[in-house]
Amino acid sequence: MKIRSVIVLFLFLSILSCEQEEEANWLKGNLHTHTYWSDGDGFPEMVLDWYKSNDYQFIALSEHNIIARTEKWKKLPKSMIYQQAFEDYLKKYGEDWVEYKEDSTGISVKLKTESEYKPLFEEAGKFAIITAQEITDGYGGKPLHMNATNVQELIQPRHGNSVAETMQNNIDAVLEQRKATGEPIMPHINHPNFGWAVTVEDMKSLRGERFFEVFNGHPQVHNYGDSTRMGMEEMWDQINIAYLNRNQPLMYGIATDDSHNYHLFGRQYSNSGRGWVMVNSKTLDAKSIIETMEAGNFYASTGVTLTSLEQGESEIELEIKAEAGVSYTIDFIGVRKGSDKSEVFETVNGTQASFELTKEMLFVRARISSSKIKENPFQEGDFEMAWTQPISH
C-alpha cells in the first residue's frame, strides 16, 4: 500500500508540475526603441527606467546598425532641455556611475553598454531586455529598415539591386545568423510607408518573413496611407492573400513605439507608450517570447487590453478588459477564398465575441476599437485599439 501511495503521489505531483509549467502569462513589450546609441535623445538607463516603471515586462533597444557593446561617447546638445536631462541623469545615477568630460565645446558622456545596463534593470520573471538591432539600409534613396530581435552579433546591411531584393537580402542575413547560432532571432519589417519606401508588391515578394509593423508610433510613417496609397491594415490583408495562395505562413502584425524623443512630447514627436505587443508566453525570455509570437499567440495594441484570447485553426474568441464609460467595437475582418479584397465579416458591439472561420474563408482576424481617445496619439483623434493575429485553416 505504501508503494502504491508513493506512486500515486508521484503521479499527482508530476501532473501538477506539468500544469504549472504550461501556465502562460500576458507579457507587455516594445520591440522598437532608440536611445543615444543611435538617433534617440535619451540615455539607455533613463529609457529602460521609463518602460520598466510603466509596467512593461520586456523591451528591445533596437539601434540603427549598432549594438551597445563598443565604446561610444555622446556629445550632448547645448539646448537647455538636454542639459537639464543630463543633470537629472547624473542626479539619479551618481558620479560613480556616470562617466563624462566637459570642455569648451560642451559635455560628452560615455554611454553604458548592454553588459553594464542590463544587470541594473533585468529581474527574473519581471523585466527582460532583449538585444536587438535595426538593420538600416536603403535603395534609390528609399529608407529600408528591419529589426532583428534577439540578434547575437551585429548584422551589416546586405544592400540589393531593388527595394524587394534589399529587404530579402537582409531577411536572409537574419535567418542565416539564426541557423548558425541555433538561437531564435526574429526579423520584422519596420514601417513600410516611411518615406513611401515599400509597396505592397515588395512586401508580397518576401520569403521567410513573418512579422511587420501594422502600427508604428513615429509621426512620419503614414500608418493609414493616403488618398492613393494603402495603409498598414489593407497592406496586411493583401500580403496574407498572396502568402496563403502560395502556401506561405501568415504574416503577423505588431505594434511598436519606434520611440526617439523623451523630452519633448506631442504628435510631432516619436514618444514612448504608443504601441506594443502582448505576448502569452510561458516564461520571460527571448526564446519563449519569439516562439510564442511565431505561433501567433499574441496581439498588438495601442491601449486596449484583453482579459482572454483563444485562437485555434478555425475560431477566435476574445474578451476585453473593459474600462468604465468606454464602449468597444469588435470587427472580424478577413478574405473569402478567390477574393482579392478584405471585408468585415461580422461586427460585435460589446466586450466579448467569438467568430468561426468557415471553409469559404481564406483567413480572419479581429480588430478591437474603443471609444477612448488615445493619450499622446500617433494622429490627432486616434482611439485606443488592438489587433489579433489572423488565423487560417
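Residues numbered from 1 in each chain as written. Predicted model: local features only at pLDDT ≥ 70, side-chain atom pairs only at ≥ 80, totals over all residues. Heavy atoms only, no water.

**Side note on the overall build of the protein chain**
Here is step 1: On a plain count of helices and strands, the protein chain comes out with 8 helices and 19 strands.
Here is step 2: Taken against the 2.2 N^0.38 rule, which gives 21 Å for 393 residues, the C-alpha radius of gyration of the protein chain at 22 Å falls within 12% of a compact globule.
Here is step 3: Taken along its principal axes, the extent of the C-alpha atoms in the protein chain is 75 × 70 × 50 Å.
Here is step 4: A buried classification covers 52% of the 393 residues belonging to the protein chain.
Here is step 5: Relative to all contacts within the protein chain whose residues are 6 or more apart in sequence, the contacts with residues 24 or more apart total 67%.
Here is step 6: A total accessible area of about 18300 Å² is found for the protein chain, and carbon and sulfur atoms account for 49% of it. (Helix = DSSP H or I, 4+ residues; strand = E, 2+ residues; numbered from the N terminus. Rg over C-alpha atoms; globule rule 2.2 N^0.38 Å. Buried < 20%, exposed > 50% of the residue type's maximum accessible area, 1.4 Å probe, protein only. Contact = heavy atoms within 4.5 Å. Areas by Shrake-Rupley, 256 points an atom, 1.4 Å probe, with all protein chains shown as cover.)

**Here's the deal with the packing of helix α2 (residues 44-53) against helix α3 (residues 80-93)**
Describing two packed helices takes the angle between their axes plus the distance from one axis to the other.
Here is step 1: Two elements in contact, α2 and α3, have axes separated by 10 Å at closest approach and are oriented at 75 degrees. Taken together, α2 and α3 sit at an angle that is classed as roughly perpendicular. Here α2 contributes Glu-45, Met-46 and Asp-49 to the contact with α3, which in turn contributes Asp-88, Tyr-89, Lys-92 and Tyr-93.
Here is step 2: Partitioned by chemical class, the residues of the contact of α2 with α3 number 3 nonpolar, no polar and 4 charged. (Axes fitted to C-alpha atoms, helices over the stretch in contact; angles between N-to-C directions. Parallel < 35°, antiparallel > 145°, perpendicular 65-115°, else oblique. Nonpolar A, V, L, I, M, F, W, Y, C, P; charged D, E, K, R; others polar.)

**What about the packing of aromatic side chains?**
Here is step 1: One pass over the full model with this rule turns up 19 aromatic pairs.
Here is step 2: Ring centres of Tyr-51 and Tyr-56 lie 4.8 Å apart, and the angle between their planes is 85 degrees; on these two criteria the pair is classed as edge-to-face. Taken as a pair, Tyr-51 and Tyr-56 share a single burial class, namely buried.
Here is step 3: By way of ring pairs, the aromatic residues Tyr-36, Phe-43, Tyr-89, Tyr-93 and Trp-97 are connected into one cluster.
Here is step 4: When the ring centre of Trp-73 is taken as origin, the NZ or CZ atom of Lys-101, which lies over that ring, is 4.2 Å away.
Here is step 5: Over the face of the ring belonging to Trp-97 we find Lys-112, whose NZ or CZ atom lies 4.5 Å from the ring centre. (Phe/Tyr/Trp six-rings, centres within 6.5 Å; stacked < 30°, edge-to-face > 60°. Lys NZ or Arg CZ within 6 Å of the ring centre and 35° of its normal.)

**Some words on the environment of Tyr-56**
Here is step 1: Relative to the helices and strands, Tyr-56 is located in the loop between α2 and β2 (58-64).
Here is step 2: Residue classification places Tyr-56 among the buried positions, given a relative accessible area of 3%.
Here is step 3: With 304 residues separating them along the chain, Tyr-56 and Glu-360 place their C-alpha atoms 40 Å apart.
Here is step 4: The residues touching Tyr-56, leaving out its near neighbours within four places in the chain, are Lys-28, Gly-29, Asn-30, Trp-50, Tyr-51, Lys-126, Phe-127, Asp-257, Gly-273 and Trp-276.

**Quick notes on unusual backbone geometry**
Here is step 1: Even without being a glycine, Asn-150 presents a positive backbone phi close to 70 degrees.
Here is step 2: Its location among the elements puts Asn-150 in the loop between β7 (142-149) and α5 (163-181).
Here is step 3: Take Asn-150: its relative accessible area is 10%, and that puts it in the buried class.
Here is step 4: For His-191, which is not glycine, the phi dihedral falls at a positive 25 degrees.
Here is step 5: Its location among the elements puts His-191 in the loop between β8 (186-189) and α6 (200-204).

**Re the sheet that holds strand β4 (residues 100-103)**
Here is step 1: In space, the 3 strands of this open sheet follow the order β3-β5-β4, with antiparallel pairing throughout. Edge strands, defined here as strands with exactly one partner in the open sheet, are β3 (73-75) and β4. Going across the sheet, the axis of each strand differs from the next one's by a mean of 20 degrees, ignoring polarity.
Here is step 2: Direction of pairing for β3 relative to strand β5 (residues 106-110): antiparallel, over a ladder of 3 bridges. (Pairing = 2+ DSSP bridges.)

**Brief notes about the pattern of salt bridges**
Here is step 1: Counting across every chain of the model gives 19 salt bridges.
Here is step 2: Glu-380 serves as the salt-bridge partner of Arg-267, at 3.9 Å between the closest nitrogen and oxygen. Residue Arg-267 is found in the loop between β10 (252-256) and β11 (276-281), and its partner Glu-380 is found in the loop between β18 (361-373) and β19 (383-388); the two are separated by 113 residues along the sequence.
Here is step 3: With relative accessibility at 64%, the residue Glu-380 sits in the exposed group.
Here is step 4: Through salt bridges with shared partners, a single ionic network connects Glu-233, Asp-237, Asp-331, Arg-365 and Arg-367. (Salt bridge = Lys/Arg side-chain N within 4 Å of Asp/Glu carboxyl O.)

**Examining a negative patch on the surface**
Here is step 1: On the surface, a cluster of negative charge is made up of Glu-310, Glu-315, Glu-317, Glu-319 and Glu-356.
Here is step 2: No other element matches the 3 residues that strand β14 (residues 315-320) contributes to the negative patch.
Here is step 3: Along the chain, Glu-319 falls in strand β14.
Here is step 4: The class of Glu-319 is partly exposed, set by a relative accessible area of 33%. (Patch = residues over 30% accessible without salt bridge, like charges linked within 9 Å, V, L, I, M, F, W, Y side chains within 5 Å. Lys, Arg positive; Asp, Glu negative; His and termini not counted. Charge placed at Lys NZ, Arg CZ, Asp CG, Glu CD.)

**Regarding the sheet that holds strand β13 (residues 306-311)**
Here is step 1: Taken in spatial order, the 3 strands line up as β13-β14-β17 in an open sheet, and their pairing is antiparallel. One side of each edge strand has no neighbouring strand; the edge strands of this open sheet are β13 and β17 (352-356). Here the average twist between neighbouring strands, direction ignored, is 5 degrees.
Here is step 2: Bridging between β14 and β17 involves 5 bridges; their strand directions are antiparallel. Residue Leu-318 lies in a different strand from β17, and its bridge partner there is Ala-353.

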